[in-house]
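Examination of the molecular architecture
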Amino acid sequence: MRVFIAGATGAIGSRVVRLLVAAGHEVAGTSRHGDRLADIEAAGARGLVMDGLDATSVRTAVLEARPEVIVHELTALAGLAPDLKHFDQGFAMTNELRTSGTDHLLAVAAEAGVGRFIAQSYTGWPNERTGGAVKDEADPIDPHPTDASKETIAAIRYVEGATAAAGGIALRYGQLYGPGQSIGRGGEMVEMIAAGRLPLVGGGTGITSFCHIDDAASATAAAVTHGAAGVYNIVDDDPAPVSEWLPALAEAVGAKAPRHVPAWVARPLIGEHGVSLMTKVRGSSNAKAKRELDWTPDWPSWREGFRSGLG
């Protein structure tokens, strides 16, 4: 098939390019910067310059590639170190790509008769923070998000809603880890843990669902040919509370066990959203993705992944 990957030099997009080329697909991938096209072409794909927020640029690139499938991996997360007290500020550009960028891609997809549209979304902290500890795709996105995350939640709702209305697939990646990620060798979170600057807040009762970066890519490649329209949680098999995974991560990177800090002490430093990540968020089930995308994670648990899959 002819597959167009918007955001082909990102952490997931670059891996998807390689997987699809290896599977025999004809792949075109985009970057905002011409000097990154060589990376795309070295992987066996055609490189195109595209600004995801410029409707003309998007239309030109897609019509030139004539794809049968569009994969929307446009974000502005590289090198991002979000301020949890002002969470939406760090995600402002990504939120625009999830709204205006999605609109531009869907418009030209309709014009060009593209038959399949796949978009990146996210699961974990966007889940409703009441009820069961593990949510599936039928459970709602949090109707009462933290003040600091309202704009980002709205953008996630938008990309999922617009994709669903067009008969597409939204892939909700869990907390990514592995090479090049914040939770990866040399990554920001690992460095914070090594320096003793990431404490365990409150009881650490927030539930996290992880996904190795390579598993996120393999699920995306699977969605090119599998799965009906809708949303899919792309996570591992082992949702776990912060009180379990944070000490395990510290051990895996050779750091001291994180110190405990009461929520009321942490709140002025990391805000309501940061405390929520540590104490209130819910995990996600991957049962639907495994069943309908013909996909299983190569890293079924973060426990093994943290020990051997960080870099």
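Here is what the cut-offs are and how they apply
Residues numbered from 1 in each chain as written. Predicted model: local features only at pLDDT ≥ 70, side-chain atom pairs only at ≥ 80, totals over all residues. Heavy atoms only, no water. Helix = DSSP H or I, 4+ residues; strand = E, 2+ residues; numbered from the N terminus. Buried < 20%, exposed > 50% of the residue type's maximum accessible area, 1.4 Å probe, protein only. Areas by Shrake-Rupley, 256 points an atom, 1.4 Å probe, with all protein chains shown as cover. Lys, Arg positive; Asp, Glu negative; His and termini not counted. Charge placed at Lys NZ, Arg CZ, Asp CG, Glu CD. Phe/Tyr/Trp six-rings, centres within 6.5 Å; stacked < 30°, edge-to-face > 60°. Lys NZ or Arg CZ within 6 Å of the ring centre and 35° of its normal. Core = buried A, V, L, I, M, F, W, Y, C linked by side-chain atoms within 4.5 Å. Contact = heavy atoms within 4.5 Å. Salt bridge = Lys/Arg side-chain N within 4 Å of Asp/Glu carboxyl O. Polar contact = N/O pair within 3.5 Å; in protein donor to acceptor, adjacent residues only side chain to side chain. Axes fitted to C-alpha atoms, helices over the stretch in contact; angles between N-to-C directions. Parallel < 35°, antiparallel > 145°, perpendicular 65-115°, else oblique. Left-handed = near helix turned anticlockwise from the far one by under 90°. Nonpolar A, V, L, I, M, F, W, Y, C, P; charged D, E, K, R; others polar. Expected span 1.5 Å × (residues − 1). Bend = angle between axes of the 7 residues up to and from the residue.

1. Focus: the overall build of the chain
What the chain contains, in helices and strands, is 12 helices and 15 strands. A principal-axis box enclosing the C-alpha atoms of the chain has dimensions of 55 × 35 × 35 Å. Within the chain, buried positions represent 52% of all 311 residues. Taken as a whole, the chain presents about 13,000 Å² of accessible surface, with 52% of it coming from carbon and sulfur. Here the chain contributes 28 positive and 36 negative side-chain charges, whose respective centroids are spaced 4 Å apart.

2. Here's the deal with the environment of Arg307
Along the polypeptide, Arg307 turns up in helix α12 (residues 302-308). Taking the C-alpha atoms as reference points, Arg307 and Pro239, 68 residues apart in sequence, are found 17 Å from one another.

3. Focus on the packing of aromatic side chains
Inspection of the entire model under this criterion finds 9 aromatic pairs. On the numbers, 5.1 Å between centres and 85° between planes, the contact of Phe210 with Trp245 is edge-to-face. With Phe210 in strand β11 (residues 210-212) and Trp245 in helix α9 (residues 242-252), this residue pair connects regions lying 35 residues apart in the sequence. Accessibility assignment for this pair places Phe210 and Trp245 in one class, buried. Ring centres of Phe210 and Trp302 lie 6.2 Å apart, and the angle between their planes is 45°; this geometry places the pair in the tilted category. Residue Phe210 is found in strand β11, and its partner Trp302 is found in helix α12; the two are separated by 92 residues along the sequence. Here Phe210 matches Trp302 in class, with each residue buried. One residue, Lys288, lies across the ring of Tyr232, its end atom 4.6 Å from the ring centre.

4. Section: unusual backbone geometry
For Arg66, which is not glycine, the phi torsion reads 50° and is therefore positive. Phi angles above zero are rare outside glycine, and Asp294 is one such case at about 55°.

5. What to know about the nonpolar core
Side chains of nonpolar character tend, in soluble globular proteins, to be buried together. One finds Ile5, Leu20, Ile118, Leu171, Ile234 and Leu293 to be the most contacted residues of the largest nonpolar core, which totals 32 residues. At the level of elements, β1 (2-6), α1 (11-22), α2 (37-42), β4 (69-72), β7 (169-173), α8 (213-223) and β12 (230-234) are the ones that each hand at least two residues to this core. For this core, the element with the most residues is α8, which contributes 7 residues. If we ignore the near neighbours within four places in the chain, the residues touching Leu20 are Val3, Ile5, His25, Val27, Ala221 and Val224. Counting residues in hydrophobic clusters, the runner-up holds 24 residues, among them Leu198, Phe210, Leu249 and Ala266.

6. Regarding the pattern of salt bridges
Under the defined criterion, the tally for this structure stands at 12 salt bridges. Of the charged contacts, one joins Arg172 and Glu160 as a salt bridge, the two residues approaching to 2.7 Å between their closest N and O atoms. In this pair, Arg172 sits in strand β7 while Glu160 sits in helix α6 (residues 150-165), placing the two residues 12 residues apart along the sequence. Looking at Arg172, the relative accessible area reads 6%, which means it is buried. A salt bridge links Asp238 to Arg303; the nearest nitrogen and oxygen atoms lie 2.6 Å apart. A residue pair is termed long-range when its members are at least 10 positions apart, and Asp238 in the loop between β12 and β13 (240-241) and Arg303 in helix α12 qualify at 65 residues. By relative accessible area, which is 33% here, Arg303 ends up partly exposed. Each member of the salt-bridge network shares a partner with another, and the members are Asp238, Glu244 and Arg303.

7. Digging into the side chain of His25
On the secondary structure map, His25 appears in the loop between α1 and β2 (26-31). A distance of 3.1 Å separates a polar atom in the side chain of His25 from the backbone nitrogen of Met1. With residues up to four places along the chain from it excluded, the contact list for His25 reads Met1, Val3, Leu20 and Thr225.

8. A short note on the packing of helix α5 (residues 92-112) against α6
Packed helix pairs are characterised by how far apart their axes lie and by the angle those axes make with each other. Axis separation between α5 and α6 bottoms out at 8 Å; the angle between their running directions is 20°. Taken as axis vectors, α5 and α6 run roughly parallel relative to one another. Considering only the axes of α5 and α6, their crossing is left-handed. Contact residues: Asn95, Arg98, Thr99, Thr102, Asp103 and Leu106 in α5; Glu151, Thr152, Ala155, Ile156, Tyr158, Val159, Ala162 and Thr163 in α6. Class assignment for the residues of the contact of α5 with α6 results in 6 nonpolar, 5 polar and 3 charged.

9. Considerations on α5
With 21 residues, α5 should cover 30 Å at 1.5 Å per step; its first-to-last C-alpha distance of 29 Å lies within 8% of that length. For α5, the principal kink sits at Gly101 and spans about 30°. Turning to α5, its buried residues are Thr94, Asn95, Leu97, Arg98, Gly101, Thr102, Leu105, Leu106, Val108 and Ala109. Tucked inside the fold, the buried residues of α5 contact β1, α3 (55-65), β4, α4 (87-90), β5 (116-122) and α6. The positive-phi residue at the C-terminal boundary of α5 is Gly113, with phi of around 70°.

That's the geometry; what it means functionally is another story.
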